[in-house]
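Spelled out, the chains give:
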Amino acid sequence: MAVDELQTIIQRCQILEEADFKGEDFNLFQVAGQKCLEDGYAAQLLEVIQNEKNKVIIKNMGWNLISPLVRCIFTYKQEDDKREHCLRILDQLAQLCNPKELFLGLLEEIEQTSGEQVCQTVMLLLQPLQTVILKLQNKKAYSVGLSLAMIMNQLTPLPVPYTKQQIQEDKLGLCQCCNAVVDFAKPFVNEVVKNMEKSSEYNDMELKEELIKFCMKSLQYPLLTAQLEQLEGIEEHPFRHFATEIIDILWHTGELIPLVIVQRKGKSPHWEDQEFADIERKNSADSLACLSYLIFVQHFGVECFPVVFSPSYLLLCSMTHIEVLLKRWGLWNLQDLFESCLLRMEDNSLLHHYLEFRDFINVPEDLVKVMTLCPMEHMRKKSLNILQLFIDKFDTEGKYTLFRCLLKTSNHAGVEGYIIKNIKDQIHLALTKECDNIWFTGHHLISLLDLVLSLPEGAETDLLQNSDRIMASLNLLRYLVIKDCESDNQIGVWTTLGKIEQNFLKPLRVGLNMSKAHYEAEIKNKKENRKEAHSSNTVCSVTVSGEKLPAMTTGMQLQVLHSALFTFDLIESVLARVEELIEVKTKAVTDGNS
């Protein structure tokens, strides 16, 4: 019988000194104790452990029972008395065992767990782990750091519940587990805070640093991808509660504002392998981006934040984080931080000097990538709105500089067309406002028009692919010709008209004639081929603007070709109107001078 075997081993060990325990004794105790648990004798094993005579034995050997004990706890149902006995055994082991040995045993059990049992195992062992670490005075910081790192590494592979139903079900227990881990850390946070209050020159930074590392890891997972909006029917949102606790730790340890404003990253480990260094840098960037999002969008801890910082300075501090978020298309909240920072600012209040910071150029470029490449329509639309918001915040010189930059870097006709429309709006404001605007009139505007009123590859430019840009350019030129009288030349367009005709209008006319002739010939060939084919539903492929389209019938191909011709006709009609306006105005001035 298992209990008899255990009693025999206990009696043999009771007469030995602690130093005389051998490896064989440890093995026999573990096997007998495990058999007691598996055979349902948890109550008898508890009596053995509670017996004062066995205190030395349990201190040295008890940690070996952790693994079988955890397995048995998960075997029994919640209301089973045997489960309660096992839980009491676990509590006794935490009180009686050698702290160092039990600490390693508990961590090993957490490390070995996987899948659906990760959260359950972690939550089960957090209390005994906390009890043991509080006894390890000399290596407390190291033990806390190792425990938190091990736990977070085990949790990270688990999917973060996102929908209301997933959060309520909490199938794997992640929501509950995250908050349990914060509770585990609280005594150590309180110790740091207490020591900081005792002395303004708090030098024991190790424990504090380990807690900051835990907060940074928590910001990256699960908070970076967690759904943090208030959900109807959920009284206390578990991830909102978790976020509040993490912000509280950072605030009470004095690190919240330095991380957000000064961006102190703490002690970064030195990695000889560049790949590991890059991963560490990325993880830190993700965490800081999430922290800014929590404060400025979700308003966690915002009451602790000083109100002395200007909106433009907060935007400057956030731009690095905004850039990080914009590169993560899978994040549902990727644009919110940028939008929130911009909405705090007055239009035309952001000085052009901010564009000297590289982030202020990188961010709109990344926003353009979301606008043009992101598969989610709502994100593309929102990115467009935010880009316009960003443009609106700059002063006149800032807008001018930003337009030049985006025209050179966007590589997308639709975006370029949108920027050109903005340029037209700024010229209109320059002409209608009384104050002088040197950036959208005169020689500065002429320099900008050199970028706008040109074809990338002259007459051979793909007019179909660049149709958005070309139409916007023609509409701008039409506006300039109408608004700017040649006699006063306020805008300066008449000064550079010869250059515009040479670089834009003439190549465009030649390109239109070539493109129309090509597409008309294609239509003619398709119609002739269809007559010769056995069926009009013959399937073949078509290449447009260098990209192969899905297989289409001849009828579908003809529709595409006719649509292209319609686009060319539209461009040609606006071009003809512009040429007509130039001719009329030029003739009027010539007649007036005669």
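Residues numbered from 1 in each chain as written. Predicted model: local features only at pLDDT ≥ 70, side-chain atom pairs only at ≥ 80, totals over all residues. Heavy atoms only, no water.

Caption draft 1: Local environment of the overall build of the protein. Each helix and strand in the protein was counted, giving 25 helices and 4 strands. Buried residues in the protein amount to 48% of all 594 residues. Intrachain contacts of the protein at a sequence separation of at least 6 include 74% that bridge at least 24 residues. As displayed, the protein offers around 29800 Å² of accessible surface, 50% of which is attributable to carbon and sulfur atoms. (Helix = DSSP H or I, 4+ residues; strand = E, 2+ residues; numbered from the N terminus. Buried < 20%, exposed > 50% of the residue type's maximum accessible area, 1.4 Å probe, protein only. Contact = heavy atoms within 4.5 Å. Areas by Shrake-Rupley, 256 points an atom, 1.4 Å probe, with all protein chains shown as cover.)

Caption draft 2: Representation of helix α17 (residues 336–343). Burial within α17 is extensive, with 6 of its 8 residues counted as buried. Of the residues making up α17, those classed as buried are Asp-336, Leu-337, Phe-338, Ser-340, Cys-341 and Leu-342.

Caption draft 3: Looking closely at the pattern of salt bridges. Scanning all chains against the criterion turns up 23 salt bridges. Note that Glu-245 is salt-bridged to Lys-186, the shortest N-O span being 3.5 Å. Linking Glu-245 in helix α13 (residues 238–252) with Lys-186 in helix α11 (residues 174–198), this pair joins segments that are 59 residues apart in sequence. The residue Asp-569 makes a salt bridge to Lys-516 at a minimum N-O spacing of 3.1 Å. Of this pair, Asp-569 sits in helix α25 (residues 554–593) while Lys-516 sits in helix α24 (residues 497–532); the two residues are 53 residues apart in sequence, bridging distant segments of the chain. Among the charged side chains, a network of salt bridges with common partners joins Arg-509, Lys-516, Asp-569, Glu-572 and Glu-579. (Salt bridge = Lys/Arg side-chain N within 4 Å of Asp/Glu carboxyl O.)

Caption draft 4: Quick peek at helix α16 (residues 311–326). Most pronounced at Ser-318, the bend in α16 amounts to some 45 degrees. For α16, a buried count of 12 out of 16 residues is recorded, marking the element as mostly surrounded by other parts of the structure. For α16, every residue scored as buried is listed here: Ser-312, Leu-314, Leu-315, Cys-317, Ser-318, Met-319, His-321, Ile-322, Glu-323, Val-324, Leu-325 and Leu-326. (Bend = angle between axes of the 7 residues up to and from the residue.)

Caption draft 5: Here's a closer look at empty space enclosed by the protein. Counted by the stated rule, this structure contains 1 cavity of 30 Å³ or more. Considered as a void within the structure, the largest cavity measures approximately 40 Å³ in volume. Lining the largest cavity we find Leu-449, Asp-450, Leu-453, Thr-496, Lys-499, Ile-500 and Asn-503. Here the lining of the largest cavity takes 3 residues from α24, the largest share from any one element. (1 Å grid on protein atoms, 1.4 Å probe; cavity = no way out; pocket = protein on both sides within 12 Å on 5 of 7 lines; lining within 4 Å. Points joined across faces, edges and corners; volume = space filled by probe spheres on them.)

Caption draft 6: Seen up close, the packing of aromatic side chains. Across all of its chains, the model carries 14 aromatic pairs by this definition. Here the aromatic rings of Tyr-354 and Phe-360 are separated by 5.5 Å at their centres, their planes lie at 45 degrees, and the arrangement is tilted. In this structure Tyr-354 comes out as buried when scored by relative accessible area, which is 15%. For the ring pair Phe-390 and Phe-394, a centre distance of 5.1 Å and an interplane angle of 85 degrees mean the geometry is edge-to-face. By relative accessible area, which is 0% here, Phe-390 ends up buried. Residue class for Phe-394 comes out buried when judged on its relative accessible area of 0%. Cluster of aromatic residues (ring-pair linked, three or more members): Phe-338, Tyr-354, Phe-357, Phe-360, Phe-390 and Phe-394. Sitting over the ring of Tyr-479, Lys-424 keeps its end group 5.1 Å from the ring centre. (Phe/Tyr/Trp six-rings, centres within 6.5 Å; stacked < 30°, edge-to-face > 60°. Lys NZ or Arg CZ within 6 Å of the ring centre and 35° of its normal.)

Caption draft 7: Layout of the packing of helix α3 (residues 42–50) against helix α6 (residues 81–96). Relative to each other, α3 and α6 sit at 20 degrees, their axes nearing to 9 Å. Considering the angle they form, α3 stands roughly parallel to α6. The hand of the α3/α6 crossing is left-handed. Of α6, the residues touching α3 (which contributes Ala-42, Ala-43, Leu-45, Leu-46, Ile-49 and Gln-50) are Lys-82, His-85, Cys-86, Arg-88, Ile-89, Gln-92, Leu-93 and Leu-96. Looking at side-chain class alone, the contact of α3 with α6 contains 9 nonpolar, 3 polar and 2 charged residues. (Axes fitted to C-alpha atoms, helices over the stretch in contact; angles between N-to-C directions. Parallel < 35°, antiparallel > 145°, perpendicular 65-115°, else oblique. Left-handed = near helix turned anticlockwise from the far one by under 90°. Nonpolar A, V, L, I, M, F, W, Y, C, P; charged D, E, K, R; others polar.)

Caption draft 8: Inspection of unusual backbone geometry at higher detail. Residue Pro-222 is bonded to the preceding Tyr-221 through a cis peptide linkage, with omega at 10 degrees. By the element assignment, Pro-222 lies in helix α12 (residues 205–223). Of note, Asp-170 is a non-glycine position whose phi angle comes to about 45 degrees, a positive value. As for its position among the elements, Asp-170 is in the loop between α10 (164–169) and α11. We note that His-299 has phi near 65 degrees; this positive angle belongs to a residue other than glycine.

Caption draft 9: Inspection of the side chain of His-237 at higher detail. Here His-237 is to be found in the loop between α12 and α13. What makes His-237 buried here is its relative accessible area of 3%. A polar side-chain atom of His-237 sits 2.9 Å from the main-chain carbonyl oxygen of Gln-227. Polar side-chain contacts of His-237 include one of 3.2 Å to the backbone nitrogen of Phe-239. (Polar contact = N/O pair within 3.5 Å; in protein donor to acceptor, adjacent residues only side chain to side chain.)

Caption draft 10: Region of interest: the nonpolar core. Leu-155, Leu-294, Leu-315, Phe-338, Leu-474 and Leu-508 are the most contacted members of the largest nonpolar core, which totals 191 residues. Counting residues per element, this core draws most heavily on α11, at 12 residues. With sequence-adjacent residues up to four places away left out, Leu-155 is seen in contact with Val-118, Cys-119, Leu-174, Cys-177, Val-181 and Tyr-221. (Core = buried A, V, L, I, M, F, W, Y, C linked by side-chain atoms within 4.5 Å.)

Caption draft 11: Spotlight on the side chain of Asn-54. Along the chain, Asn-54 falls in the loop between α3 and α4 (55–61). We classify Asn-54 as buried; its relative accessible area is 3%.

Caption draft 12: Structural context of the environment of His-321. Along the polypeptide, His-321 turns up in helix α16. Separated by 16 residues in the primary sequence, His-321 and Leu-337 place their C-alpha atoms 8.5 Å from one another. Here Ser-292 takes part through its side chain, which lies 3.5 Å from a polar atom of the side chain of His-321.

Caption draft 13: Examining the environment of Tyr-479 more closely. Turning to its location among the elements, Tyr-479 is positioned in helix α23 (residues 467–483). Residue class for Tyr-479 comes out buried when judged on its relative accessible area of 12%. Between the alpha carbons of Tyr-479 and Val-578 there is a distance of 9.0 Å; along the sequence they are 99 residues apart. Excluding residues within four positions of it along the chain, Tyr-479 makes contact with Lys-424, Ile-427, His-428 and Leu-431.

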